[in-house]
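Chain and residue survey
Now for the letters of each chain:
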Amino acid sequence: MIPIRHPSLTKDHEKFIELVDELSRRFIEPVADKIDRENYYPREVIRELGKNGVLAPVLPREYGGYGMDILGTALSIEVISRYSGSMGILTEVQGFLVTDAFYTYGNKQMKEELVPKLARGELIGSFALSEPCCGSDAAAIETRAERRGGEWVINGKKMWITQGLYADVYIVFTRTGPKEARHKAITAFLVRRNKCIEASPINVMGIRGTGTSELTFNDCVVGDDDVVGKVNEGFKIAMEALNLGRIAVASVTLGLAEAALTELLEWVRNRRAFDQPMTNLEWIQFQLADMMAYIETMRSIVYDAALHFDRKYEDYYAFASIAKLAAVLLGMDVIRRAVQLTGAYGVWSNSKLNRIYRDAKLMEIGEGTNEVQRMVIYKWLSKYLG
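Residues numbered from 1 in each chain as written. Predicted model: local features only at pLDDT ≥ 70, side-chain atom pairs only at ≥ 80, totals over all residues. Heavy atoms only, no water.

1. A look at the state of the cysteines
How we decide: When two cysteine sulfur atoms lie within 2.5 Å, the pair is treated as a disulfide. Numbered from the N terminus, helices here are DSSP runs of H or I no shorter than four residues, and strands are runs of E no shorter than two. Only protein chains enter the accessibility calculation, which uses a 1.4 Å probe. A residue is then buried if its area is under 20% of the maximum for its type, exposed if over 50%, and partly exposed in between.
All told, the structure shown has two disulfides when counted by the stated rule. At a sulfur-sulfur separation of 2.1 Å, the disulfide partner of cysteine 196 is cysteine 220. Classification of the bridge connecting cysteine 196 and cysteine 220 rests on its S-S torsion, roughly 110°, and on that basis the disulfide is right-handed. Linking cysteine 196 in the loop between strand S5 (186-192) and strand S6 (197-201) with cysteine 220 in strand S7 (residues 213-222), this pair joins segments that are 24 residues apart in sequence. An identical accessibility class is assigned to cysteine 196 and cysteine 220; each is buried. The disulfide pattern of the protein chain is 1-2, 3-4 when the bonded cysteines are numbered in sequence order.

What follows is the structure, encoded as structure tokens:
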């Protein structure tokens, strides 16, 4: 694999990379094809990562994490994604979107009872935001929580929910006011798996084995103690989680691009064309050089965005969108070239490049499409236009 080197990395980061790579070789690499081919949910792998603090590395060790910073978490997702994009997304959802949200915004009971079990992989969590009506326009969600007596009753549908099929707990974003209020009337709730939740599988082209589902909530009853954060302030929780998620998706794409180039290098090293090794062809050399340049550009942009979070810069959110947009555009180009240069092998259903290409395509959509990232970036940029 391509070495991970960057001036921003500390000795602790480098040691952590070695741990994550060792775990990935032991537990992820042997089942990576099975995850994709059989739509296999790797429950035991999640537990193994959790035992070692890799599912939610940013949490303190006493909560089941590794005590890393955001950059360290991005590195772990990058390394895992070299072996399986699906596992990269599963660690992102379990760690960034669910566990960190409960840790940051949850009450004492959530923090003490749920967070360590989620971080260790003993419980599976799911982040239920998107709906059939509303993907990019999250402020328009229709799932509703109505106050009845001293309880809340949730009804509605969620769509494209990672780990929805297998989750023990859900963080569910609901409308708790008029639809006209948009983001000002959205509340997040902890909902434990029970008979009021119907989960239906959704088959997707890539990132398979992640338990993607449609969820239907039928009169799910929750209490005030199940409110995550405050009533009508759930949209902030969703956006903060997605900001972290955008760095994670950029890291997944970086790992996938590195894996694609590694596969291509192995291919051209052993191939001959026109009576000479393929590596003798200047056009091939230039393609490889471009791809390496793109990967190192991605690395700098992704790590820089993570450092914006770690140093608490006020425009961290814009750099998360920049990282996500730039990484998927450059990464998709790297992966597309790898498929093209390997010819029929690249589109063969049994090739790793085929899986990488399908996984990477979903990175242009998850945690906000390319178009949404451009909206965020322009809104930030417009402050400087006068």
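That shown, we press on.
2. Details of the packing of aromatic side chains
Basically, it comes down to this: Only Phe, Tyr and Trp rings are paired, with Trp represented by its six-membered ring, and only when their centres lie within 6.5 Å; those with planes under 30 degrees apart are stacked, over 60 edge-to-face, the remainder tilted. Consider the ring centre and the ring normal. A charge sits over the ring if Lys NZ or Arg CZ is within 6 Å of that centre and within 35 degrees of that normal.
According to the stated counting rule, one finds 12 aromatic pairs in the structure shown. Arranged with centres 5.2 Å apart and planes meeting at 75°, the rings of tyrosine 63 and tyrosine 103 form a pair that is edge-to-face. Taken together, the residues span a long stretch of sequence, with tyrosine 63 in the loop between helix H3 (43-51) and helix H4 (70-83) and tyrosine 103 in helix H5 (residues 85-105) at a distance of 40 residues. A residue is classified by how much of its surface remains accessible, and tyrosine 63, at 18% relative accessible area, is buried. By relative accessible area, which is 23% here, tyrosine 103 ends up partly exposed. A centroid spacing of 6.1 Å and a plane angle of 50° characterise the contact between tyrosine 345 and tryptophan 348, whose relative ring orientation is tilted. Residue classification places tryptophan 348 among the partly exposed residues on the basis of a relative accessible area of 44%. Put simply, the rings of Trp267, Tyr345 and Trp348 pair up and form one aromatic cluster. Here arginine 61 stacks its cationic end above the ring of tyrosine 66, 4.3 Å away from the centre of that ring.

3. Describing the pattern of salt bridges
Heads up, the condition is: We define a salt bridge as a side-chain nitrogen of Lys or Arg found within 4 Å of a carboxyl oxygen belonging to Asp or Glu.
This model, assessed by the stated rule, comprises 22 salt bridges. Here glutamate 122 makes a salt bridge to arginine 120, at a shortest N to O gap of 2.9 Å. Since its relative accessible area comes to 33%, arginine 120 is described here as partly exposed. A salt bridge links arginine 192 to aspartate 226, with the nearest nitrogen and oxygen atoms 3.4 Å apart. Here aspartate 226 lies in the loop between S7 and strand S8 (227-228) and arginine 192 lies in strand S5, a separation of 34 residues in the sequence. Arginine 192 gets classed as partly exposed once you look at its relative accessible area, which sits at 39%.

4. Quick word on helix H11 (residues 352-363)
Our working definition: Each helix should span, by expectation, one fewer than its residue count multiplied by 1.5 Å. Throughout, a contact is declared for two residues whenever any of their heavy atoms are within 4.5 Å.
Here H11 contains 12 residues, and its C-alpha end-to-end distance of 17 Å stays within 8% of the 16 Å for a straight helix at 1.5 Å per residue. When you tally the buried positions in H11, you get 10 out of 12 residues, the bulk of the element. In this structure, the buried side of H11 is in contact with helix H2 (32-37), H4, H5, helix H7 (234-269), helix H9 (316-341) and helix H10 (344-347).

5. Describing the packing of H5 against H7
The line we're drawing: Between the N-to-C directions of two axes lies an angle of 0 to 180 degrees, each axis being a line fitted to C-alpha atoms and, for a helix, fitted only over the stretch in contact. Orientation is classified from the angle alone, with under 35 degrees giving roughly parallel, over 145 giving roughly antiparallel, 65 to 115 giving roughly perpendicular, and any other angle giving oblique. Crossing handedness follows the turn of the near helix against the far one: under a right angle anticlockwise gives a left-handed crossing, and clockwise gives a right-handed one. Residues were grouped as follows: Ala, Val, Leu, Ile, Met, Phe, Trp, Tyr, Cys and Pro as nonpolar; Asp, Glu, Lys and Arg as charged; and all remaining residues, including Gly, as polar.
At a minimum axis distance of 9 Å, the contact between H5 and H7 shows a crossing angle of 155°. One way to sum up the angle between H5 and H7 is to call them roughly antiparallel. In this structure, H5 crosses over H7, and the sense of that crossing is right-handed. Contacts between H5 and H7 involve Gly85, Gly88, Ile89, Glu92, Phe96, Leu97, Asp100, Ala101 and Tyr105 from the first element and Lys236, Ile237, Glu240, Ala241, Leu242, Leu244, Gly245, Ala248, Val249, Val252 and Leu256 from the second. Looking at the contact of H5 with H7, its residues break down into 13 nonpolar, three polar and four charged.

6. Quick look at the nonpolar core
Selection rule: Residues belong to one nonpolar core when they are buried, are Ala, Val, Leu, Ile, Met, Phe, Trp, Tyr or Cys, and are joined through side-chain atoms within 4.5 Å.
Leu49, Met87, Phe102, Phe127, Ile171, Phe173 and Leu264 are the most contacted members of the largest nonpolar core, which totals 130 residues. When residues of this core are assigned to their parent elements, the largest contribution, 20 residues, is made by H7.

7. Overview of unusual backbone geometry
Its identity as a non-glycine residue notwithstanding, tryptophan 160 has a phi of 60°, on the positive side. If you trace the backbone, tryptophan 160 turns up in strand S3 (residues 151-161). For glutamate 367, which is not glycine, the phi dihedral falls at a positive 55°. Mapping glutamate 367 onto the fold places it in the loop between H11 and helix H12 (370-381). Judged by relative accessible area, glutamate 367 falls into the buried class, the value being 16%.

8. Concerning the environment of isoleucine 17
Position of isoleucine 17 among the secondary structure elements: in helix H1 (residues 11-28). For isoleucine 17, a relative accessible area of 13% translates into the label buried. Separated by 60 residues in sequence, isoleucine 17 and isoleucine 77 have C-alpha atoms that sit 9.9 Å apart. For isoleucine 17, the residues in contact, after removing those within four places along its chain, are Ile4, Leu9, Leu75 and Val79.

9. What about H9?
Relative to the 38 Å expected for 26 residues at 1.5 Å per residue, H9 spans 37 Å between its end C-alpha atoms, a close match to the ideal helical length. Counting buried positions over the 26 residues of H9 gives 21, a clear majority of the element. Glycine 343 sits one or two residues past H9 and shows a positive phi near 65°.

Remember, this is a structural readout, not a statement about activity or role.
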